[in-house]
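Take a look at the letters that make up each chain.
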Amino acid sequence: MNQTFLPVTAPSAPPAFASGLRAYGDAVALLTAAGPVGYDALADRADAFARRLGAGRKLVAIEAAAAVEVVAAYLGALAAGLAVALVAAGDMDSFRARFQPDAVYRRTNGRWCLLIDGRGGAALHPDLALVLMTSGSTGHGKAVRLSARAVEANTAAVASYLGLTGDERAALVLPLHYSYGLSVLNSHLSVGASVWLAEGGLLAPDFLDNLREMRATGLSTVPHGHEVLARIGFGTADLPDLHTLTVAGGALPVPRVRAL
């Protein structure tokens, strides 16, 4: 692969939502079926993962599942100033063959395993913080390279536009390797809010019950997701805490907007 890098003098600082987790103490950062995880506890897990990666600049490929292990690994690598690639489980082997990451964090036989594997390739750009893959609708997916400044700016813009505060509780139903899903995580962590990792997503048989039980205040999905919600009775569900819906990836039909 031919790569052209623009010269920079020094890498930018890690995004504040990754490096500043402890500012929110024991407030709830993540909600899972196994229980809540506080910001301090998440920071401990993130730091522990970063230490496992050792010294030196690395490209770390992480299987982007809705799991505390993944969120901690992502935040730990970002905070350590490393480059992170969030990759769908089914695309990991292809990603490794094409981009030769220095480390891979993925599930093997139901357990999360870290493999340190020297790339032997070109040096990483010092400003590279995040790699996200496009959908590959016209062929192989393209690797989009983002700096820490870009990720920080996007996070701040989303949090500001939605008026997010620490009282929010987002339902994360979109994959973390999708920029929209990742923005839900980043923006809420940036203000000390909570994120429910909704395993199974909208298709989980008890999704609406869990949405109410978790007292989610925000739900973000794509137009197809809203079609699913309509089929499972979202419009008539009793969800007194939910006050923010966002949609991206396409236009929501006007009748559906009016119905919502």
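Our subject is the structure that appears above.
Residue positions are given per chain, counting from 1 as you read along its sequence in written order. Whole-chain, interface and lining totals are the exception, using all residues; otherwise, since this is a predicted model, local features are given only for residues with pLDDT of at least 70 and side-chain atom pairs are given and counted only at 80 or more. By convention in this description, side-chain values take in all heavy atoms of the structure and omit both hydrogens and water.

**Student:** How should the pattern of salt bridges be read in this particular structure?
**Tutor:** We count a salt bridge whenever a side-chain nitrogen from Lys or Arg sits within 4 Å of a carboxyl oxygen from Asp or Glu. In total, this model carries seven salt bridges according to the counting rule given. Across the salt bridge formed by E63 and R107, the nearest N and O atoms sit 2.7 Å from each other. On the criterion of sequence distance, the pair formed by E63 in strand β3 (residues 59–63) and R107 in strand β5 (residues 103–108) is long-range, its members being 44 residues apart. Note on E63: relative accessible area 6%, which makes it buried. Here R212 and D209 are joined by a salt bridge, their closest N and O atoms 2.9 Å apart. Taken together, the residues R212 and D209, both in helix α7 (residues 207–213) and three residues apart, mark about one turn of the helix. Numbering of helices and strands runs from the N terminus; a helix is a DSSP stretch of H or I covering at least four residues, while a strand is a stretch of E covering at least two. Remark: exposure states derive from per-residue accessible area (1.4 Å probe, protein chains only) relative to the maximum for the residue type, with buried under 20%, exposed over 50%, and partly exposed in between.

**Student:** How should I be thinking about the sheet that holds β5 in this particular structure?
**Tutor:** The pairing of strands in a sheet happens through backbone hydrogen bonds and is either parallel or antiparallel. If you trace the six strands from one edge of the open sheet to the other, you get β6-β5-β3-β4-β7-β8, paired in mixed fashion. In this open sheet, the two strands that pair with only one neighbour each are β6 (111–116) and β8 (143–147). Adjacent strand axes in the sheet meet at a mean angle of 20° when their direction is disregarded. Two strands pair when backbone bridges link them, and strand β7 (residues 128–133) and β8 are joined in this way by five bridges, in the antiparallel orientation. Paired with L132 across the strands is V144, a residue of β8. Any two residues whose heavy atoms approach within 4.5 Å at even a single point are treated as in contact. Structural elements are reduced to axes, namely lines fitted to C-alpha atoms, with helices fitted over the stretch in contact, and the angle between N-to-C directions of any two is expressed from 0 to 180 degrees. Sheet strands in contact with helix α4 (residues 92–99) are β3, β4 (83–87), β5, β6, β7 and β8, and its direction is about 165° off that of β5. Any two strands between which DSSP finds at least two bridges are classified as paired.

**Student:** Looking at this model, I keep getting lost on the nonpolar core. Mind explaining?
**Tutor:** Nonpolar side chains tend toward joint burial in soluble globular proteins. The set of buried Ala, Val, Leu, Ile, Met, Phe, Trp, Tyr and Cys residues whose side-chain atoms join them within 4.5 Å is what this entry labels a nonpolar core. Counting 47 residues, the largest nonpolar core has L30, L42, I62, Y74, L75, L86 and L185 as the members making the most contacts within it. Among the elements that take part in this core, helix α3 (residues 68–79) stands out by supplying nine residues, more than any other. Excluding its chain neighbours within four sequence positions, the residues that come into contact with L86 are I62, A64, Y74, L130, V131, L132, L176, H177 and L182. Membership of the second largest hydrophobic core comes to 20 residues, among which are V173, L174, A198 and A216.

**Student:** What am I meant to see in the sheet that holds strand β9 (residues 169–172) here?
**Tutor:** With respect to topology, six strands assemble into an open sheet ordered β2-β1-β10-β9-β11-β12, the strand pairing being mixed. Because the sheet does not close on itself, it has two edges, and the strands there are β2 (35–38) and β12 (244–247). Pairs of neighbouring strands in the sheet enclose a mean axial angle of 20°, with direction left out of account. Two strands pair when backbone bridges link them, and β9 and strand β10 (residues 194–197) are joined in this way by four bridges, in the parallel orientation. Bridged to A170 within β10 is V195. Packing against the sheet, helix α2 (residues 39–53) makes contact with β1 (28–32) and β2, and its axis sits at approximately 75° to β2.

**Student:** Looking at this structure, how should I read the packing of aromatic side chains?
**Tutor:** Here a ring pair, both rings aromatic, is described through the centre-centre distance and the interplanar angle of the planes. Planes of paired rings set the category: under 30 degrees apart is stacked, over 60 is edge-to-face and the rest tilted, where pairs are Phe, Tyr or Trp rings (Trp by its six-membered ring) whose centres lie within 6.5 Å. A full pass over the atoms with the stated rule returns six aromatic pairs. Taking the centre distance of 5.1 Å and the plane angle of 55° together, the rings of Y24 and Y39 count as tilted. Of this pair, Y24 sits in the loop between α1 (16–19) and β1 while Y39 sits in helix α2, and the two are 15 residues apart along the sequence. Judged by its relative accessible area of 32%, Y24 is partly exposed. The exposure class of Y39 is buried, given its relative accessible area of 0%. Both rings, one in Y178 and one in Y180, keep their centres 5.9 Å apart while their planes meet at 90°; by these two values the pair is edge-to-face.

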